[in-house]
Amino acid sequence: MTAKIGIVTVSDRASAGVYEDISGPAIIDSLNDYLSSAWQAVTRVIADEQDLIEQTLRELVDQEKCALVVTTGGTGPAKRDVTPEATEAVCDRMMPGFGELMRTESLKYVPTAILSRQTAGLRGQSLIINLPGKPKAIRQCLDAVFPAVPYCLDLMDGPYLECNEDVIKPFRPKAK
Amino acid sequence: MTAKIGIVTVSDRASAGVYEDISGPAIIDSLNDYLSSAWQAVTRVIADEQDLIEQTLRELVDQEKCALVVTTGGTGPAKRDVTPEATEAVCDRMMPGFGELMRTESLKYVPTAILSRQTAGLRGQSLIINLPGKPKAIRQCLDAVFPAVPYCLDLMDGPYLECNEDVIKPFRPKAK
Amino acid sequence: MTAKIGIVTVSDRASAGVYEDISGPAIIDSLNDYLSSAWQAVTRVIADEQDLIEQTLRELVDQEKCALVVTTGGTGPAKRDVTPEATEAVCDRMMPGFGELMRTESLKYVPTAILSRQTAGLRGQSLIINLPGKPKAIRQCLDAVFPAVPYCLDLMDGPYLECNEDVIKPFRPKAK
């Protein structure tokens, strides 16, 4: 079963064509590095509008059946940054550990890591994770949390992700 | 004054008798190790139903007058895992530090610790804490957070817990 | 432009004159140590009443135009401790990283740090941060989070804070 993974770039400027989206492609590159099993990217580049972000997340989960959706951008304190609010609005249950670990990880590099409001949550049988906006920070955060993602999808009866274990080591407890 | 402590095992299978509840007894063992003052366990084994969990937590706090209620199970991302949602629904005020520290502690052992959605909160003058489902993880988490529990109950005018200080060191600041 | 910073001491006893407010002045001392650019304190000493705290926070942000508001007190588990609830009620968006880092920092000193329910959030273009009640803990927490505050205000088009870099090093990423 090919896993479908949604990748949503949330950026007024990238969506308006003011500059090129480099964050979405950075996520695709990382996932290609990580995953040895088949997967398919479903990408979107949208403006920092809460309604639009919610609608896009619902579409990727409910229609496109993405088992995993990652966002990039819109998690800071600027007025237009509303990705966490949109994420919380569409999720049934929240996963606070992702945001905590990503901030702890980013704090190793910059003290402004605490300004990131990124979170994660579950909508139906899908996991939605907010990532930062910058490619370097995206990779740092993904490296930290991705080892837990395959088992999370297992627990939600999602696709079985296999990884390039020299790049990332997914952890699956022996017995539930 | 004998402290009453509620212990709620949340598990479809244990409550249906498919297997024996080992998590509730593991909590009782840990509390017996920790506490030198008198305490009484009030135990429940229930299914992963949000309404039922809420009703049980309310009963243990409001009728049974448990100063502390700990739950085990139902904090992961599986569809039936709704213990944190039930906990939040019955609490007046949340205590995010417990979940943060338990996840940080568990991360020393397994990267999937971030999948645990455990939280804690206050209902009236009682403290409710979600623990993991597995006995080993229960003890790791309790060892991390229990040093703060006696003072928490003090601040809520609850029973004065005394501990076996060679096992666990409760911390009570000298002056408020 | 002189930055206005609101400082709210939340304490039944200090507001009733039972004892002197030492926490508000401790915050002023720390900010004087940190800031080399002009700033003006707007201080309030109020009781632990949720409505009153909310009203005071709204006044300091909406009428007084404080770019930053810090509170002290009312973040524990005691019955009258409702500062985090008041903060969340007046904020549009929450900043979970501040509370996480302050608790992690305080845990280096006392295991009861997890009892602190402090949070932070944004109301319009202002940042509101809950600090602990005791002067020593206030300084420990401010030292930990303040390096991120100037850039946070930059991102919200607030006043440009300059710091005494031998005391505290604000971090501003080179490029957004």
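Think of each chain on its own: its residues are numbered from 1, step by step along the sequence as written. As they are written, the chains are lettered A onward and the ligands numbered 1 onward, keeping that order. Two thresholds apply to this predicted model, a pLDDT of at least 70 for residue-level local features and 80 or more for giving and counting side-chain atom pairs, whereas whole-chain, interface and lining totals are computed over all residues.

**Student:** Would you mind showing me how to read the environment of Ala78 of chain A here?
**Tutor:** Along the chain, Ala78 of chain A falls in the loop between β3 (68-72) and α4 (83-90). Residues within four places of Ala78 of chain A in sequence aside, it is in contact with Leu155 and Met156 of chain C. Think of it this way: any DSSP run of H or I at least four residues long counts as a helix, any run of E at least two long counts as a strand, and we number them from the N terminus. Once C-beta atoms have been placed from the backbone, residue pairs whose C-beta atoms lie within 7 Å are recorded as contacts.

**Student:** Could you clarify how one ought to interpret the pairing of strand β1 (residues 3-10) of chain C in this entry?
**Tutor:** Each regular strand carries side chains that alternate between the two faces of the sheet. Residues and elements named next belong to chain C. Any residue surrounded by 20 or more other C-beta atoms within 10 Å of its C-beta is treated as buried, while 12 or fewer makes it exposed and the intermediate range makes it partly exposed; C-beta atoms here are placed from the backbone. Counting buried positions over the eight residues of β1 gives seven, a clear majority of the element. DSSP-based pairing: two strands are paired if at least 2 bridges between them are found. Bridge count for β1 against strand β2 (residues 39-46) is eight bridges, and the pairing is parallel. Note that in β2 the partner of Ile7 across the bridge is Thr43. Where β1 lies against strand β3 (residues 68-72), five bridges are found, and the strand directions are parallel. Looking at the pairing, Ile5 lines up with Leu68 of β3.

**Student:** Sorry if this is basic, but what is going on with the interface of chain B and chain A here?
**Tutor:** How big an interface is tends to be expressed through the accessible area that disappears when the partners come together. At the interface, 16 residues of chain B touch 18 residues of chain A. Examining the composition of the side of chain B that touches chain A, we find that three residues originate from one element, helix α5 (residues 96-107) of chain B, more than from any other. A class-by-class count of the residues in the side of chain B that touches chain A yields seven nonpolar, four polar and five charged. For this classification, the nonpolar set comprises Ala, Val, Leu, Ile, Met, Phe, Trp, Tyr, Cys and Pro, the charged set comprises Asp, Glu, Lys and Arg, and every other residue, Gly included, is treated as polar.

**Student:** Mind showing me how you'd approach the interface of chain A and chain C here?
**Tutor:** Every contact between the two is made by 16 residues of chain A and, on the other side, 18 residues of chain C. Broken down by element, the residue count for the side of chain A that touches chain C peaks at three residues, all from helix α5 (residues 96-107) of chain A. Classifying every residue of the side of chain A that touches chain C gives seven nonpolar, four polar and five charged.

**Student:** Could you clarify how one ought to interpret the nonpolar core in this entry?
**Tutor:** It is characteristic of soluble globular proteins that their nonpolar side chains tend to be buried jointly. All names here are of chain A. As used throughout, a nonpolar core is a set of buried Ala, Val, Leu, Ile, Met, Phe, Trp, Tyr and Cys residues joined through C-beta atoms within 7 Å of each other. Counting 51 residues, the largest nonpolar core has Leu57, Leu68, Val69, Leu127, Val145 and Val149 as its most contacted members. Here the element with the most residues in this core is helix α6 (residues 135-145); it accounts for six residues. Excluding residues that lie within four positions of it along the chain, Leu68 makes contacts with Ile5, Ser126, Leu127, Val149 and Leu153.

**Student:** How should unusual backbone geometry be read in this particular structure?
**Tutor:** Peptide bonds are mostly trans, and most non-glycine residues show a negative phi. Residues and elements named next belong to chain C. One non-glycine residue, Lys65, lies in positive phi territory at about 60°. Along the chain, the position of Lys65 falls in the loop between α3 (50-63) and β3. Judged by the 16 C-beta atoms lying within 10 Å of it, Lys65 falls in the partly exposed class.

**Student:** I would appreciate a short explanation of helix α4 (residues 83-90) of chain B in the present structure.
**Tutor:** Listed in full, the buried residues belonging to α4 of chain B are Thr83, Pro84, Ala86, Thr87 and Val90 of chain B. Looking straight down α4 of chain B, one finds its buried side chains confined to an arc of 160°; they lie on one side. Arc, as used here, means the arc of the directions from the helix axis to the C-beta atoms.

**Student:** Which parts of the structure should I look at to understand the relation of the copies chain B and chain A?
**Tutor:** To go from the first copy of the chain to the second, apply a rotation about an axis and then a shift along the same axis. Least squares is used to superpose the copies, and the fit set is the C-alpha atoms of residues whose pLDDT is at least 70 in both copies. Turning chain B through 120° and shifting it by 0.0 Å along the axis lays it on chain A, with an RMSD of 0.0 Å. As the rotation angle and translation indicate, the two copies are arranged about a three-fold axis. Closest to the rotation axis within chain B is the C-alpha of Glu100 of chain B, separated from it by 4.3 Å. The residues that chain B uses at the interface reappear at the interface of chain A in only 6% of cases, marking distinct surfaces.

**Student:** I'm lost on helix α2 (residues 23-34) of chain B in this one. Help?
**Tutor:** Spacing of three or four residues puts side chains on the same side of an α-helix, whose turn is 3.6 residues. Residues and elements named next belong to chain B. Here α2 is 12 residues long and its end C-alpha atoms lie 17 Å apart, about the 16 Å a rise of 1.5 Å per residue gives. Here α2 has its buried residues at Ser23, Gly24, Ala26, Ile27, Ser30 and Tyr34. Projected down its long axis, α2 carries its buried residues within an arc of 160°, all on one side. As for α2, its buried residues are in contact with β1 (3-10), β2 (39-46), β3 (68-72), β6 (126-131) and α6 (135-145). The span expected for a helix works out to 1.5 Å for each residue beyond the first.

**Student:** So what exactly am I meant to see when it comes to the packing of α3 of chain C against helix α4 (residues 83-90) of chain C here?
**Tutor:** How two helices pack is summed up by the angle between their axes together with the distance between the axes. Residue and element names in this part refer to chain C. Only the stretch in contact is used when a helix axis is fitted, and all axes are lines through C-alpha atoms; the angle between N-to-C directions ranges over 0 to 180 degrees. At a minimum axis separation of 9 Å, α3 and α4 run at an interaxial angle of 45°. If you check the angle between α3 and α4, you find them oblique. In this structure, α3 meets α4 at a crossing whose hand is right-handed. Residues Gln50, Ile53, Glu54, Leu57 and Arg58 of α3 lie in contact with α4, whose contacting residues are Thr83, Glu85, Ala86, Thr87, Ala89 and Val90. Taken together, the residues of the contact of α3 with α4 sort by class into five nonpolar, three polar and three charged. When describing relative orientation, an angle under 35 degrees is termed roughly parallel and one over 145 degrees roughly antiparallel, while 65 to 115 degrees is termed roughly perpendicular and anything else oblique. Should the near helix be turned anticlockwise from the far one by less than a right angle, the crossing is termed left-handed; should it be turned clockwise, right-handed.

**Student:** Any chance you could explain the sheet that holds strand β6 (residues 126-131) of chain C here in plain terms?
**Tutor:** To summarise the sheet geometry, strands pair through backbone hydrogen bonds and adopt either a parallel or an antiparallel arrangement. Residue and element names in this part refer to chain C. Pairing within the open sheet is mixed, and its six strands lie in the order β2-β1-β3-β6-β5-β4. Looking at the sheet topology across the chains shown, the edges are occupied by β2 and β4 (93-94). Alignment of strand β5 (residues 120-123) against β6, held across four bridges, turns out to be antiparallel. The residue bridging Leu122 from the neighbouring strand is Leu127, located in β6. Against the sheet, α4 touches β1, β3, β4, β5 and β6, its axis set at about 170° to β6.

**Student:** Would you mind going over the environment of Ser37 of chain B with me for this structure?
**Tutor:** Residues and elements named next belong to chain B. The topology assignment puts Ser37 in the loop between α2 and β2. On the basis of neighbour count, Ser37 is assigned to the partly exposed category, with 14 C-beta atoms found within 10 Å. Distance from Ser37 to Leu142, taken between C-alpha atoms, is 18 Å for residues 105 residues apart in sequence.

**Student:** Is there a simple way to explain the confidence of the model for chain A in this structure?
**Tutor:** Close reading of the predicted structure is inappropriate where its pLDDT is low. Per-residue confidence from the predictor is reported as pLDDT, a score between 0 and 100. Confidence in the prediction of chain A, expressed as mean pLDDT, is 97, and 99% of residues score 70 or more. Two summary scores accompany this predicted model of the complex, namely pTM at 0.97 and ipTM at 0.96.

**Student:** What is the right way to read the sheet that holds β3 of chain B from this model?
**Tutor:** Residues and elements named next belong to chain B. Within the open sheet, the six strands sit side by side as β2-β1-β3-β6-β5-β4. Their pairing is mixed. Edge positions in the sheet fall to β2 and β4 (93-94), since each of these pairs with one other strand and no more. On the sheet, α2 packs against β1, β2, β3 and β6 and is oriented at approximately 150° with respect to β1.

**Student:** What's the story with the environment of Tyr151 of chain B in this structure? I'm lost.
**Tutor:** Following the sequence through the fold, Tyr151 of chain B ends up in helix α7 (residues 149-155). Taking the C-alpha atoms as reference points, Tyr151 of chain B and Val70 of chain B, 81 residues apart in sequence, are found 16 Å from one another. Residues within four places of Tyr151 of chain B in sequence aside, it is in contact with Pro170, Phe171 and Arg172 of chain B together with Thr112 and Leu115 of chain C.

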